[in-house]
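Understanding the architecture of this molecule
Each chain, written out:
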Amino acid sequence: MRALLVTNPAATTTTAKVREVLVRALSTDLKVDVAETTHRGHARELGRQAAVDGVDVVVTLGGDGTVNETVDGLLADGPGAHVPTLAVVPGGSTNVFSRALGRSRDPVEATAEILDSLRAGRTRRVSLGTASALVDTGTDIAWGPGWTPPRWFVFSAGLGFDAEVIRLVEEQRARGRRSSGRLYVRAGFRTFLLGHDRRHPSMTLRVPGEQPLERLFLCLVSNVNPWTYLGDRPIVPSPEAGFENGLAAFAMGRLGPLAMLRHLRATMAERPDARGRGVHRLHDRAELEITSTRPLEWQLDGDHLGPATGLRVRSVPSALDVVV
């Protein structure tokens, strides 16, 4: 089988030594080409070319951002028989998608698991999502004035609070700080306590055929469960989310710090079940639309993508074959 290893040298836990070990291991069963990303969007280019070239398996070594870009390239022309199978080796700080697939957190062990699965033919067809953002482009795109072309995501999409936290973390990483749970916690508290959104919620969540949910400051759209991790602790706002279902959304209206801490604890409990006044949970939805009366940040799979005033999200069943 022909394989392409897409590796991100800037990922948190990816090193040249780990990459060499993985290449040697993969080469025992596969004809492996290695491509190292050099700029943002490069993994997307590599994924798209792999689909054009008829590669059998694309293996990613990096964080969730590398997975996101690679998948966006693999599915540039949509799902189909020509799309290579995806295998994910964890190389970032959180690795949500890899962990959702049941991979070991150790990259060498994960590679051994992938090889065992390839020998046994263990793959799985998973559902993914697409998202289009309403940005101030001043141009007419296919989805209407200012709507960006749909982009694939594997586990989450968001507008507002979560994207602002990610923006702050990325700023710190650009200054040389290492990604860590503590860094995300500090950014989260800063955004909640000092941000404008909690005191003056600006978002509305719309689902076809249902009453809109208005005056929201937070809306997390999930394709998998857990939504993310804080170190070893899973954060589960939407327990019903999963690869076999449509999209899930967890939304909050205006609330104070004590209520926010209570709901956060509920999402991290052994049996997560965040409920209460101002909390909204939807699951198994085919499409969602979030709009805001003012520009907010947006994100896909933990990557900050800039300001927008709207997000259209759709579930795509059975979109991609992955190694499990």
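Residues numbered from 1 in each chain as written. Predicted model: local features only at pLDDT ≥ 70, side-chain atom pairs only at ≥ 80, totals over all residues. Heavy atoms only, no water.

Digging into the domain arrangement of the protein
As assigned here, the protein comprises domain 1 (2-121) and domain 2 (129-318). Relative placement of domain 1 and domain 2: their C-alpha centres are 26 Å apart. With 22 residues of domain 1 at the interface, the matching set in domain 2 holds 23 residues. At the boundary of domain 1 with domain 2, total buried surface from both sides reaches about 1,900 Å², with 54% on carbon and sulfur atoms. Three residues, Arg40, Asn68 and Val96, lead the burial of domain 1 against domain 2; their summed loss comes to 27% of the area buried on that side. Linking Asp232 and Arg105 is a salt bridge whose minimum nitrogen-to-oxygen distance equals 2.2 Å. The interface formed by domain 1 and domain 2 contains 8 residue pairs in polar contact (both at pLDDT 80 or more). (Domains from an automatic or database assignment. Contact = heavy atoms within 4.5 Å. Buried area = accessible area lost by both parts, 1.4 Å probe. Salt bridge = Lys/Arg side-chain N within 4 Å of Asp/Glu carboxyl O. Polar contact = N/O pair within 3.5 Å; in protein donor to acceptor, adjacent residues only side chain to side chain.)

Details of the environment of Arg233
With respect to the helices, strands and loops of the structure, Arg233 is situated in strand S13 (residues 233-235). Spatially, the C-alpha atoms of Arg233 and Met268 are 6.9 Å apart, while their sequence positions differ by 35 residues. If we skip the residues at most four places from it in the chain, Arg233 touches Thr228 and Met268. Reaching out from Arg233, the side chain makes a polar contact with the backbone oxygen of Met268 at a distance of 2.9 Å. (Helix = DSSP H or I, 4+ residues; strand = E, 2+ residues; numbered from the N terminus.)

Points about the UniProt feature "domain: DAGKc" (unreviewed entry) in the protein
According to UniProt, the feature "domain: DAGKc" (unreviewed entry) maps to residues 1-132 in the numbering used here. Segment residues 1-132 splits into 40% helix and 26% strand. End C-alpha atoms: 35 Å apart. (UniProt positions renumbered as here; feature names shortened; annotations may be inferred.)

Looking at the packing of helix H6 (residues 161-174) against helix H7 (residues 181-194)
Close contact between H6 and H7 brings their axes to 9 Å; oriented N to C, the two are set at 130°. With respect to H7, the element H6 is oriented oblique. You can see that H6 and H7 cross each other, and the crossing is right-handed. Every residue of H7 that contacts H6 at Phe161, Glu164, Val165, Ile166, Leu168, Val169, Gln172 and Arg173 is listed here: Leu183, Tyr184, Ala187, Gly188, Arg190, Thr191 and Phe192. Residues that form the contact of H6 with H7 fall into these classes: 9 nonpolar, 3 polar and 3 charged. (Axes fitted to C-alpha atoms, helices over the stretch in contact; angles between N-to-C directions. Parallel < 35°, antiparallel > 145°, perpendicular 65-115°, else oblique. Left-handed = near helix turned anticlockwise from the far one by under 90°. Nonpolar A, V, L, I, M, F, W, Y, C, P; charged D, E, K, R; others polar.)

Considering the side chain of Ser156
Among the structural elements, Ser156 can be located in strand S9 (residues 156-159). If we ignore the near neighbours within four places in the chain, the residues touching Ser156 are Val221, Trp227, Gln299, Leu300, Asp301 and Gly302.

Notes on the confidence of the model for the protein
Summing up the model confidence of the protein, the mean pLDDT is 91 and the portion of residues at 70 or higher is 97%. At the level of individual helices and strands, the protein shows its lowest average pLDDT in strand S6 (residues 140-141), which scores 45, and its highest in strand S8 (residues 151-153), which scores 98. For the stretch residues 139-144, pLDDT sits under 50, and the model shows 10 contacts to residues farther than four places along the chain or on other chains. (pLDDT = per-residue confidence, 0-100.)

What about the pairing of strand S11 (residues 213-222)?
When you tally the buried positions in S11, you get 8 out of 10 residues, the bulk of the element. Relative to S11, S9 is paired through 3 bridges, and the arrangement is antiparallel. Paired with Ala157 across the strands is Val221, a residue of S11. Of the pairings in the sheet, the one linking strand S10 (residues 203-206) to S11 comprises 2 bridges and is antiparallel in character. Paired with Leu205 across the two strands is Leu213, which belongs to S11. From the end of S10 to the start of S11, which pair antiparallel, there are 6 residues, and Gly209 there has a positive phi angle of about 80°. Of the pairings in the sheet, the one linking S11 to strand S14 (residues 247-253) comprises 6 bridges and is antiparallel in character. Bridge pairing in S14 links Leu218 to Met252. (Buried < 20%, exposed > 50% of the residue type's maximum accessible area, 1.4 Å probe, protein only. Pairing = 2+ DSSP bridges.)

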